[in-house]
Amino acid sequence: MRITRLETIQLEEFPNLTYLRIHTDEGLIGLGETHNGADAVAAWLHESAAPCLLGGDPLQIERHWQALDPKIGFNSTGVEARGRSAVDIALWDILGKLTGQPIYQLLGGATRDRIRVYNTCAGHRYVRNVFKGGRQSVSDWNLDPEAAGPYEDLDAFLHRPDELAQSLLDEGIGAMKIWPFDLYAERSGGHSISLEELKQGLEPFRKIRAAVGDRMEILVELHSLWVLPAAQRIAAALDDFQPFWYEDPIRMDDLGALACFARATRVPVAASENLGTRWSFRELCERRAAGVIIFDPSYAGGISEAKKIASLAEAHQLPATCHDCTGPVNFTVDVHLGVNLTNAIIQEFVRAYYSSWYPQLVTELPRIEDGHAHPLCGPGLGTELQPEVLKRPDLIRRSSVL
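Quick summary incoming for the structure in this document. (Residues numbered from 1 in each chain as written. Predicted model: local features only at pLDDT ≥ 70, side-chain atom pairs only at ≥ 80, totals over all residues. Heavy atoms only, no water.)

What about the pairing of strand β3 (residues 29–35)?
- With six of seven residues buried, β3 is to be regarded as a mostly interior element.
- In this sheet, β3 lies alongside strand β2 (residues 14–24) in antiparallel orientation, the contact comprising seven bridges. Within β3, the residue paired with Thr18 across the bridge is Thr34.
- Counted along the chain from β2 to the antiparallel partner β3, the turn is four residues long, and its residue Gly27 has a positive phi close to 90°. (Buried < 20%, exposed > 50% of the residue type's maximum accessible area, 1.4 Å probe, protein only. Helix = DSSP H or I, 4+ residues; strand = E, 2+ residues; numbered from the N terminus. Pairing = 2+ DSSP bridges.)

A closer look at the nonpolar core
- Membership of the largest hydrophobic core comes to 120 residues, with the highest contact counts inside it found for Phe181, Trp226, Leu284, Ile293 and Phe295.
- The dominant element in this core, judged by the number of residues it contributes, is helix α3 (residues 79–99), at eight residues.
- Contacts of Phe181, omitting those with residues within four sequence positions, involve Ile193, Leu198, Gly201, Leu202, Phe205, Leu222, Trp226, Ile234 and Leu238.
- Tyr118, Ala175, Ala270 and Val292 belong to the second largest nonpolar core, which has eight residues in total. (Core = buried A, V, L, I, M, F, W, Y, C linked by side-chain atoms within 4.5 Å. Contact = heavy atoms within 4.5 Å.)

Some remarks on the packing of helix α11 (residues 277–286) against helix α13 (residues 302–315)
- At their nearest, the axes of α11 and α13 sit 9 Å apart, and the two run at 15° to each other. Relative to α13, the element α11 is oriented roughly parallel. Considering only the axes of α11 and α13, their crossing is right-handed. Between α11 and α13, the residues in contact are Thr277, Arg278, Trp279, Phe281, Arg282 and Cys285 and Glu305, Lys308, Ile309, Leu312 and Ala313, respectively. (Axes fitted to C-alpha atoms, helices over the stretch in contact; angles between N-to-C directions. Parallel < 35°, antiparallel > 145°, perpendicular 65-115°, else oblique. Left-handed = near helix turned anticlockwise from the far one by under 90°.)

Some details on α11
- Thr277, Ser280, Phe281, Leu284 and Cys285 are the residues of α11 that are buried. Down the axis of α11, the buried set is contained in an arc of 135°. They therefore lie on one face.
- The elements touched by buried residues of α11 are α3, α10 (255–263), β8 (269–271), β9 (292–295), α12 (297–300) and α13.
- Phi turns positive, to about 55°, at Arg288, one or two residues after α11. (Arc of directions from axis to C-beta.)

Quick word on the pairing of β2
- The buried fraction of β2 is high, at ten of eleven residues.
- Relative to β2, strand β1 (residues 3–11) runs antiparallel, the two sharing seven bridges. Residue pairing for β2: Leu11 is matched across the bridge by Phe14.
- Between the antiparallel neighbours β1 and β2 lie two residues.

Some words on the packing of aromatic side chains
- Applying the stated criterion across every chain yields a total of 15 aromatic pairs.
- Here Phe244 and Trp245 contribute two aromatic rings whose centre-to-centre distance is 5.5 Å and whose plane-to-plane angle is 55°, an arrangement assigned as tilted.
- Note on Phe244: relative accessible area 21%, which makes it partly exposed.
- With a relative accessible area of 0%, Trp245 lands in the buried category.
- Where Tyr353 meets Tyr358, the ring centres are 5.7 Å apart and the plane angle is 55°; that geometry is what we call tilted. Tyr358 carries the same exposure label as Tyr353, and that label is buried.
- Taken together through their ring pairs, the aromatic side chains of Phe14, Phe331, Phe349, Tyr353, Tyr354, Trp357 and Tyr358 make up a single cluster.
- Geometry around Trp65 places Arg84 over its ring, the cationic atom sitting 3.6 Å from the centre.
- Across from the ring centre of Trp65, 5.8 Å away, lies the NZ or CZ of Lys308, which sits over that ring. (Phe/Tyr/Trp six-rings, centres within 6.5 Å; stacked < 30°, edge-to-face > 60°. Lys NZ or Arg CZ within 6 Å of the ring centre and 35° of its normal.)

Now the structure itself:
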């Protein structure tokens, strides 16, 4: 079997997403996905990846991963890493289709039947636009009431957090992630937070605890927006609310400072979707800078690298979890990994995405029931792009052919 075509698919409505389909001479097609830098990723796939892959054996997954080494930025999550991740996911999909097995089975089988989810409290149009300056901001929240969709959970955690928490519990979801401090980080560039801002940022936590008590786990997202002293001030104020974790409190380019933050709080630090490859996570683990290891398969290196990162975390007595606030293929990959990895503890899930635009793009999604995600059991990923995607007027489709 040989690779005969690389096909990238983009949609103007979803400018952060790049889909990759790898075609073979035996008719099998593998599907991959990555997020952010979509135009640049597609260009790299055709310019740099295609010459290495076309004519090659799609089952030599590890060999292709090594061949697509970017040579610069070895452990980054830049364009090359995102493209390589999409390739890796697509090749695993081909292997699963050839063998008739779901990806979690190819990884060694399920260690659990399902994995607990937490709801990232975004709205259905959250970060829909291309990030300005390469960073998301409050302007990307897209809280236009006229464009509201199902589960506008970002607006809810800002204004009705008690009702939101009860709504999630009613669906069997006992964990939620919120980020009420981002507004204040943008005001100061992350360098300081006033007592009044701190009080306002704490209000959702007070309302959630008053409404549902300890029945809801609260995960705190800080989006790497703060410098160390400001992040420590926020954590000190939050500690009594017993958050599940503090995620990416500072920029991930100073793991020594992150370790300092971790030592100053009894709440685990979760890090980081912003790191790529096992080499970055090795340093994170060795410095004891995090209590939970988060990675995104769609740009940390694909399924192959995700398995290695999780094993590295396990060797350091650390739990692992996959990031998803990106796209439906990545979420599908996450759940395959979540039921396979022995140290996976919880899975990110955005019910606003899951109930609105995810089903518009793919044929199947992991089942969510009673606060848990169940993996797809079809061969490979178990899902495909919806046929209508390839007929859309906003389609951007490009191929490199053997």
